[in-house]
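# Structural overview
Single-letter residue listing:
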Amino acid sequence: MITIAAVLKGARQRLADSDTAALDAELLLCHVLGKSRSYLFSWPEQEIDELVEAQFEHLLARRVGGEPVAYLLGRREFYGHEFLVSRDTLIPRPDTELLVDVVLEKLPAEQPLRIADLGTGSGAIAISLGLARPAWQLLAVDYIVAVLDLVERNVGRLHVGNVRPLQSSWYSRLDGVFDAIVSNPPYIRADDVHLKRGDVRFEPRSALVSGADGLDDIRLIIHGAPARLRAGGLLALEHGYDQGAAVRELLQGAGFQSVQTRHDYGGNERVTFGFYGASDAQR
Ligand SMILES: C[S@@+](CC[C@H](N)C(=O)[O-])C[C@H]1O[C@@H](n2cnc3c(N)ncnc32)[C@H](O)[C@@H]1O
(Lines give C-alpha, C1' and ligand atoms only; values in the text may rest on other atoms or scores of the structure.)
Protein backbone atom coordinates (compact mmCIF):
# COMPACT_ATOMS: atom_id res chain seq x y z
CA MET A 1 0.00 0.00 0.00
CA ILE A 2 1.19 3.53 -0.80
CA THR A 3 0.16 6.89 0.70
CA ILE A 4 -1.48 9.80 -1.10
CA ALA A 5 1.63 11.95 -0.50
CA ALA A 6 3.94 9.30 -1.99
CA VAL A 7 1.72 8.76 -5.05
CA LEU A 8 1.59 12.50 -5.73
CA LYS A 9 5.35 12.91 -5.29
CA GLY A 10 6.11 10.13 -7.78
CA ALA A 11 3.56 11.50 -10.25
CA ARG A 12 4.97 15.04 -10.06
CA GLN A 13 8.40 13.71 -10.95
CA ARG A 14 7.07 11.78 -13.94
CA LEU A 15 5.13 14.85 -15.13
CA ALA A 16 8.14 17.16 -14.84
CA ASP A 17 7.67 18.27 -18.49
CA SER A 18 4.20 19.65 -17.72
CA ASP A 19 3.90 23.29 -16.57
CA THR A 20 1.10 22.10 -14.30
CA ALA A 21 2.63 18.85 -12.97
CA ALA A 22 1.37 19.15 -9.36
CA LEU A 23 -2.15 20.20 -10.39
CA ASP A 24 -2.38 17.49 -13.07
CA ALA A 25 -1.36 14.79 -10.55
CA GLU A 26 -3.84 16.06 -7.96
CA LEU A 27 -6.75 16.27 -10.41
CA LEU A 28 -6.14 12.74 -11.70
CA LEU A 29 -5.90 11.32 -8.18
CA CYS A 30 -9.07 13.18 -7.08
CA HIS A 31 -10.83 11.67 -10.10
CA VAL A 32 -9.96 8.03 -9.29
CA LEU A 33 -10.57 8.52 -5.55
CA GLY A 34 -13.83 10.41 -6.07
CA LYS A 35 -12.59 13.04 -3.58
CA SER A 36 -11.84 16.78 -3.60
CA ARG A 37 -8.36 18.32 -3.64
CA SER A 38 -8.83 19.44 -0.02
CA TYR A 39 -9.14 15.74 0.89
CA LEU A 40 -5.67 15.09 -0.58
CA PHE A 41 -4.17 17.93 1.46
CA SER A 42 -6.03 16.92 4.65
CA TRP A 43 -5.09 13.20 4.50
CA PRO A 44 -1.61 12.93 2.89
CA GLU A 45 -0.74 9.80 4.94
CA GLN A 46 -3.93 7.97 3.91
CA GLU A 47 -3.09 4.75 2.06
CA ILE A 48 -4.82 4.00 -1.26
CA ASP A 49 -5.75 0.51 -2.35
CA GLU A 50 -4.17 -1.31 -5.28
CA LEU A 51 -7.15 -0.98 -7.61
CA VAL A 52 -7.20 2.82 -7.22
CA GLU A 53 -3.43 2.92 -7.66
CA ALA A 54 -3.71 0.91 -10.89
CA GLN A 55 -6.45 3.24 -12.22
CA PHE A 56 -4.31 6.26 -11.35
CA GLU A 57 -1.26 4.72 -13.02
CA HIS A 58 -3.27 4.16 -16.21
CA LEU A 59 -4.36 7.84 -16.36
CA LEU A 60 -0.91 9.10 -15.36
CA ALA A 61 0.75 7.15 -18.18
CA ARG A 62 -1.65 8.76 -20.67
CA ARG A 63 -0.98 12.21 -19.23
CA VAL A 64 2.79 11.60 -19.44
CA GLY A 65 2.12 10.80 -23.13
CA GLY A 66 0.62 14.29 -23.51
CA GLU A 67 -3.17 13.67 -23.39
CA PRO A 68 -5.00 16.73 -22.02
CA VAL A 69 -6.23 16.40 -18.43
CA ALA A 70 -9.72 17.51 -19.53
CA TYR A 71 -10.04 14.50 -21.88
CA LEU A 72 -8.78 12.14 -19.16
CA LEU A 73 -11.32 13.50 -16.67
CA GLY A 74 -14.06 14.00 -19.28
CA ARG A 75 -14.82 17.48 -17.97
CA ARG A 76 -13.62 21.09 -17.88
CA GLU A 77 -14.82 24.23 -16.13
CA PHE A 78 -15.90 27.19 -18.26
CA TYR A 79 -17.56 30.41 -17.07
CA GLY A 80 -18.06 28.88 -13.61
CA HIS A 81 -19.89 25.78 -14.91
CA GLU A 82 -18.60 22.23 -15.27
CA PHE A 83 -18.93 20.94 -18.85
CA LEU A 84 -18.56 17.39 -20.10
CA VAL A 85 -15.96 17.27 -22.88
CA SER A 86 -15.09 14.65 -25.47
CA ARG A 87 -12.54 13.98 -28.16
CA ASP A 88 -15.11 14.94 -30.79
CA THR A 89 -14.51 18.63 -30.18
CA LEU A 90 -12.40 21.34 -28.60
CA ILE A 91 -11.74 21.62 -24.87
CA PRO A 92 -13.21 25.04 -23.91
CA ARG A 93 -10.48 27.63 -23.25
CA PRO A 94 -10.42 30.43 -20.62
CA ASP A 95 -9.85 33.04 -23.37
CA THR A 96 -13.23 32.15 -24.89
CA GLU A 97 -14.91 33.54 -21.75
CA LEU A 98 -14.13 36.96 -23.27
CA LEU A 99 -16.55 36.18 -26.11
CA VAL A 100 -19.29 35.42 -23.57
CA ASP A 101 -18.48 38.67 -21.73
CA VAL A 102 -18.77 40.73 -24.95
CA VAL A 103 -22.19 39.30 -25.81
CA LEU A 104 -23.49 39.80 -22.25
CA GLU A 105 -22.19 43.37 -22.26
CA LYS A 106 -23.53 44.38 -25.68
CA LEU A 107 -27.09 42.95 -25.62
CA PRO A 108 -30.09 43.83 -23.44
CA ALA A 109 -30.54 41.25 -20.68
CA GLU A 110 -34.32 41.16 -20.37
CA GLN A 111 -35.45 41.05 -24.01
CA PRO A 112 -36.39 37.69 -25.63
CA LEU A 113 -33.46 37.73 -28.06
CA ARG A 114 -32.73 34.95 -30.56
CA ILE A 115 -29.03 34.05 -30.69
CA ALA A 116 -27.05 31.42 -32.64
CA ASP A 117 -23.74 29.95 -31.41
CA LEU A 118 -22.05 28.57 -34.54
CA GLY A 119 -19.58 25.70 -33.97
CA THR A 120 -20.84 25.19 -30.44
CA GLY A 121 -18.62 22.20 -29.50
CA SER A 122 -19.35 21.28 -25.88
CA GLY A 123 -22.00 24.03 -25.88
CA ALA A 124 -19.85 26.11 -23.54
CA ILE A 125 -20.70 29.50 -25.08
CA ALA A 126 -24.42 28.92 -25.75
CA ILE A 127 -25.03 27.31 -22.35
CA SER A 128 -23.09 29.98 -20.43
CA LEU A 129 -25.16 32.67 -22.21
CA GLY A 130 -28.38 30.74 -21.64
CA LEU A 131 -27.70 30.34 -17.91
CA ALA A 132 -26.78 34.03 -17.55
CA ARG A 133 -29.78 35.30 -19.56
CA PRO A 134 -32.93 33.19 -19.08
CA ALA A 135 -34.93 35.56 -21.36
CA TRP A 136 -32.77 34.72 -24.42
CA GLN A 137 -33.26 31.76 -26.79
CA LEU A 138 -30.00 30.11 -27.85
CA LEU A 139 -29.43 27.84 -30.84
CA ALA A 140 -26.30 25.68 -30.34
CA VAL A 141 -25.09 24.73 -33.85
CA ASP A 142 -22.47 22.18 -34.88
CA TYR A 143 -22.16 19.89 -37.90
CA ILE A 144 -20.88 16.79 -36.06
CA VAL A 145 -23.59 14.49 -34.67
CA ALA A 146 -21.46 13.26 -31.73
CA VAL A 147 -20.87 16.89 -30.74
CA LEU A 148 -24.63 17.54 -30.65
CA ASP A 149 -25.01 14.55 -28.29
CA LEU A 150 -22.45 16.14 -26.00
CA VAL A 151 -24.36 19.45 -26.09
CA GLU A 152 -27.59 17.59 -25.17
CA ARG A 153 -25.84 16.04 -22.16
CA ASN A 154 -24.45 19.40 -21.02
CA VAL A 155 -27.85 21.06 -21.46
CA GLY A 156 -29.37 18.31 -19.28
CA ARG A 157 -26.84 18.26 -16.49
CA LEU A 158 -26.67 22.07 -16.23
CA HIS A 159 -30.50 22.32 -16.31
CA VAL A 160 -30.60 25.06 -18.92
CA GLY A 161 -34.02 25.43 -20.53
CA ASN A 162 -33.31 27.96 -23.29
CA VAL A 163 -30.59 26.24 -25.36
CA ARG A 164 -31.52 24.06 -28.36
CA PRO A 165 -28.89 21.98 -30.21
CA LEU A 166 -29.10 21.95 -34.02
CA GLN A 167 -27.05 19.99 -36.54
CA SER A 168 -26.08 22.33 -39.38
CA SER A 169 -23.03 23.28 -41.38
CA TRP A 170 -22.84 26.96 -40.45
CA TYR A 171 -26.09 28.57 -41.75
CA SER A 172 -27.28 25.72 -43.99
CA ARG A 173 -30.16 24.55 -41.76
CA LEU A 174 -30.92 27.76 -39.86
CA ASP A 175 -34.34 29.40 -40.13
CA GLY A 176 -35.31 33.03 -39.65
CA VAL A 177 -33.23 35.94 -38.46
CA PHE A 178 -31.22 36.38 -35.26
CA ASP A 179 -30.46 39.27 -32.92
CA ALA A 180 -26.91 38.01 -32.58
CA ILE A 181 -24.53 35.42 -33.98
CA VAL A 182 -21.58 34.33 -31.88
CA SER A 183 -18.84 31.92 -32.89
CA ASN A 184 -15.50 30.48 -31.87
CA PRO A 185 -14.85 28.72 -35.19
CA PRO A 186 -11.76 26.78 -36.30
CA TYR A 187 -9.12 29.42 -37.10
CA ILE A 188 -5.69 27.77 -37.16
CA ARG A 189 -3.61 27.74 -40.36
CA ALA A 190 -3.24 24.25 -41.85
CA ASP A 191 0.57 24.40 -41.59
CA ASP A 192 0.73 25.96 -38.09
CA VAL A 193 3.49 24.34 -36.02
CA HIS A 194 1.35 24.64 -32.86
CA LEU A 195 -0.79 21.76 -34.19
CA LYS A 196 2.13 19.48 -33.30
CA ARG A 197 2.45 20.74 -29.70
CA GLY A 198 0.59 20.36 -26.40
CA ASP A 199 -3.11 19.64 -26.01
CA VAL A 200 -4.08 20.46 -29.61
CA ARG A 201 -2.30 17.28 -30.83
CA PHE A 202 -5.24 15.37 -29.30
CA GLU A 203 -8.07 17.67 -30.44
CA PRO A 204 -9.87 17.04 -33.77
CA ARG A 205 -8.74 19.02 -36.83
CA SER A 206 -12.44 19.70 -37.52
CA ALA A 207 -12.39 21.99 -34.46
CA LEU A 208 -9.06 23.65 -35.18
CA VAL A 209 -7.98 24.04 -38.79
CA SER A 210 -9.45 26.40 -41.37
CA GLY A 211 -7.53 26.57 -44.63
CA ALA A 212 -4.19 28.05 -45.61
CA ASP A 213 -4.57 31.34 -43.68
CA GLY A 214 -6.89 30.02 -40.93
CA LEU A 215 -9.67 32.35 -42.06
CA ASP A 216 -11.78 30.14 -44.36
CA ASP A 217 -14.54 29.53 -41.78
CA ILE A 218 -14.47 33.10 -40.46
CA ARG A 219 -14.97 34.34 -44.06
CA LEU A 220 -17.94 31.96 -44.53
CA ILE A 221 -19.52 33.06 -41.24
CA ILE A 222 -19.07 36.78 -41.95
CA HIS A 223 -20.32 36.56 -45.55
CA GLY A 224 -23.38 34.56 -44.49
CA ALA A 225 -24.27 36.74 -41.51
CA PRO A 226 -26.12 39.64 -43.24
CA ALA A 227 -28.85 37.25 -44.47
CA ARG A 228 -29.32 35.87 -40.93
CA LEU A 229 -29.09 39.02 -38.78
CA ARG A 230 -31.73 41.65 -38.14
CA ALA A 231 -30.66 45.26 -38.82
CA GLY A 232 -28.35 46.26 -35.98
CA GLY A 233 -27.70 42.61 -35.04
CA LEU A 234 -24.43 41.66 -33.40
CA LEU A 235 -21.78 39.34 -34.87
CA ALA A 236 -19.01 38.44 -32.38
CA LEU A 237 -16.11 36.16 -33.33
CA GLU A 238 -13.11 34.65 -31.59
CA HIS A 239 -9.97 34.50 -33.77
CA GLY A 240 -6.20 33.96 -33.71
CA TYR A 241 -3.85 36.41 -31.96
CA ASP A 242 -2.66 37.75 -35.35
CA GLN A 243 -6.01 37.78 -37.19
CA GLY A 244 -7.64 40.87 -35.62
CA ALA A 245 -6.90 43.26 -38.49
CA ALA A 246 -8.08 40.76 -41.12
CA VAL A 247 -11.33 40.08 -39.23
CA ARG A 248 -12.04 43.82 -38.77
CA GLU A 249 -11.52 44.33 -42.49
CA LEU A 250 -13.80 41.41 -43.38
CA LEU A 251 -16.54 42.71 -41.06
CA GLN A 252 -16.33 46.27 -42.39
CA GLY A 253 -16.32 44.99 -45.98
CA ALA A 254 -19.52 43.00 -45.28
CA GLY A 255 -21.36 46.10 -43.99
CA PHE A 256 -20.74 45.83 -40.23
CA GLN A 257 -20.36 49.02 -38.21
CA SER A 258 -18.79 50.00 -34.87
CA VAL A 259 -16.30 47.16 -35.37
CA GLN A 260 -14.05 46.62 -32.35
CA THR A 261 -11.51 44.10 -31.08
CA ARG A 262 -10.96 43.01 -27.47
CA HIS A 263 -7.76 41.53 -25.99
CA ASP A 264 -7.52 38.23 -24.10
CA TYR A 265 -5.90 37.57 -20.69
CA GLY A 266 -2.51 37.32 -22.44
CA GLY A 267 -2.90 40.77 -24.08
CA ASN A 268 -3.54 39.36 -27.59
CA GLU A 269 -6.32 40.48 -29.96
CA ARG A 270 -8.86 37.67 -29.52
CA VAL A 271 -12.49 38.75 -30.07
CA THR A 272 -13.79 41.07 -32.80
CA PHE A 273 -17.40 42.19 -33.14
CA GLY A 274 -19.63 44.56 -35.08
CA PHE A 275 -23.27 45.45 -35.71
CA TYR A 276 -24.87 44.80 -39.07
CA GLY A 277 -25.64 47.90 -41.12
CA ALA A 278 -27.52 49.98 -38.58
CA SER A 279 -27.36 53.39 -36.96
CA ASP A 280 -26.76 53.69 -33.21
CA ALA A 281 -30.48 54.22 -32.72
CA GLN A 282 -31.28 50.78 -34.12
CA ARG A 283 -28.81 48.94 -31.85
C1 LIG B 1 -12.85 25.93 -32.13
S2 LIG B 1 -14.15 24.75 -31.85
C3 LIG B 1 -15.14 25.71 -30.71
C4 LIG B 1 -15.98 24.87 -29.77
C5 LIG B 1 -16.71 25.69 -28.71
N6 LIG B 1 -17.57 26.71 -29.30
C7 LIG B 1 -15.72 26.32 -27.76
O8 LIG B 1 -15.52 27.54 -27.84
O9 LIG B 1 -15.14 25.61 -26.94
C10 LIG B 1 -15.01 24.86 -33.39
C11 LIG B 1 -16.26 24.01 -33.53
O12 LIG B 1 -16.80 24.29 -34.83
C13 LIG B 1 -17.34 23.09 -35.35
N14 LIG B 1 -17.41 23.23 -36.81
C15 LIG B 1 -16.39 23.14 -37.70
N16 LIG B 1 -16.86 23.31 -38.96
C17 LIG B 1 -18.20 23.51 -38.86
C18 LIG B 1 -19.24 23.76 -39.81
N19 LIG B 1 -19.00 23.80 -41.12
N20 LIG B 1 -20.48 23.94 -39.33
C21 LIG B 1 -20.75 23.89 -38.00
N22 LIG B 1 -19.81 23.66 -37.06
C23 LIG B 1 -18.53 23.47 -37.49
C24 LIG B 1 -16.41 21.99 -34.86
O25 LIG B 1 -17.05 20.73 -34.88
C26 LIG B 1 -16.08 22.50 -33.44
O27 LIG B 1 -16.97 21.95 -32.49
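Residues numbered from 1 in each chain as written. Predicted model: local features only at pLDDT ≥ 70, side-chain atom pairs only at ≥ 80, totals over all residues. Heavy atoms only, no water.

Here we take up unusual backbone geometry. Across the chain, the bulk of peptide bonds are trans and the bulk of non-glycine residues have phi less than zero. Even without being glycine, Tyr79 reaches a positive phi, approximately 50°. By secondary structure assignment, the location of Tyr79 is in the loop between β3 (75-78) and β4 (81-84). Take Tyr79: its relative accessible area is 25%, and that puts it in the partly exposed class. The phi dihedral of Ser258 is positive, around 50°, even though this residue is not glycine. (Helix = DSSP H or I, 4+ residues; strand = E, 2+ residues; numbered from the N terminus. Buried < 20%, exposed > 50% of the residue type's maximum accessible area, 1.4 Å probe, protein only.)

Taken together, 19 residues lie around the ligand, and Thr89, Gly119, Asp142, Asn184 and Ala207 are the ones closest in. Taking Asp142, its side chain carries an N or O atom lying 2.7 Å from an oxygen atom of the ligand. Protein chains bury 96% of the 600 Å² of accessible surface belonging to the ligand in isolation. Classifying every residue of the shell around the ligand gives 9 nonpolar, 9 polar and 1 charged. (Near = heavy atom within 4 Å. Polar contact = N/O pair within 3.5 Å; in protein donor to acceptor, adjacent residues only side chain to side chain. Areas by Shrake-Rupley, 256 points an atom, 1.4 Å probe, with all protein chains shown as cover. Nonpolar A, V, L, I, M, F, W, Y, C, P; charged D, E, K, R; others polar.)

Looking now at the side chain of Ser122. Here Ser122 is to be found in the loop between β5 (114-118) and α7 (124-132). Under the relative-accessibility criterion, Ser122 is labelled buried at 3%. Here the side chain of Ser122 touches Ala124 through a polar contact of 3.4 Å, landing on its backbone nitrogen. In contact with Ser122, not counting residues within four places along its chain, are Phe83, Leu84, Thr89, Pro92, Ile127, Leu150, Val151 and Asn154. (Contact = heavy atoms within 4.5 Å.)

The subject of this paragraph is the domain arrangement of the chain. How large an interface is tends to be reported as the accessible area lost when its parts come together. Assigned domains within the chain: domain 1 (2-66) and domain 2 (88-282). Computed over C-alpha atoms only, the centres of domain 1 and domain 2 are separated by 36 Å. (Domains from an automatic or database assignment.)

In this section: the side chain of Glu26. Considering the arrangement of structural elements, one finds Glu26 in helix α2 (residues 21-33). Other than its neighbours up to four places away in sequence, Glu26 contacts Leu8, Arg37, Leu40 and Phe41.

Interhelical geometry of helix α6 (residues 97-106) versus α7 gives an angle of 40° and a closest axis separation of 10 Å. For the element pair α6 / α7, the angle class is oblique. Our pair here, α6 against α7, has a crossing hand that is right-handed. Where α6 approaches α7, its residues Leu99, Val100, Val103 and Leu104 are matched on the opposing element by Ile125, Ser128, Leu129 and Ala132. Here the residues of the contact of α6 with α7 are counted per class, giving 7 nonpolar, 1 polar and no charged. (Axes fitted to C-alpha atoms, helices over the stretch in contact; angles between N-to-C directions. Parallel < 35°, antiparallel > 145°, perpendicular 65-115°, else oblique. Left-handed = near helix turned anticlockwise from the far one by under 90°.)

Our focus in this paragraph is the packing of aromatic side chains. With the rule as written, the count across this model stands at 4 aromatic pairs. Each member of the aromatic cluster is reached from another via a ring pair, and the members are Phe78, Tyr79 and Phe83. Directly above the ring of Tyr39 sits Lys35, whose terminal nitrogen or CZ lies 4.9 Å from the centroid. Sitting above the plane of the Phe178 ring, Arg114 keeps its charged end 4.1 Å from the centroid. (Phe/Tyr/Trp six-rings, centres within 6.5 Å; stacked < 30°, edge-to-face > 60°. Lys NZ or Arg CZ within 6 Å of the ring centre and 35° of its normal.)

Glancing now at the nonpolar core. Of all hydrophobic cores here, the largest spans 31 residues; its most connected members are Val103, Leu107, Ile115, Leu129, Trp136, Val163 and Leu234. With 6 residues, the top contributor of residues to this core is α6. Ignoring anything within four residues of it in the chain, the contact list for Leu234 reads Val103, Lys106, Leu107, Asp179, Ala180, Ile181, Leu229, Phe273, Gly274 and Phe275. With 25 residues, the next largest nonpolar core counts Ala116, Phe178, Ala225 and Ala254 among its residues. (Core = buried A, V, L, I, M, F, W, Y, C linked by side-chain atoms within 4.5 Å.)

Okay, helix α8 (residues 145-157) next. In this model α8 runs 19 Å from its N-terminal to its C-terminal C-alpha over 13 residues, within 8% of the 18 Å that 1.5 Å per residue would give. Those residues of α8 that sit buried are Val147, Leu148, Leu150, Val151, Asn154 and Val155. Buried positions in α8, seen along its axis, are confined to an arc of 155° and lie on one side of it. Where α8 terminates, the next one or two residues include His159, which has phi positive at roughly 55°. (Expected span 1.5 Å × (residues − 1). Arc of directions from axis to C-beta.)

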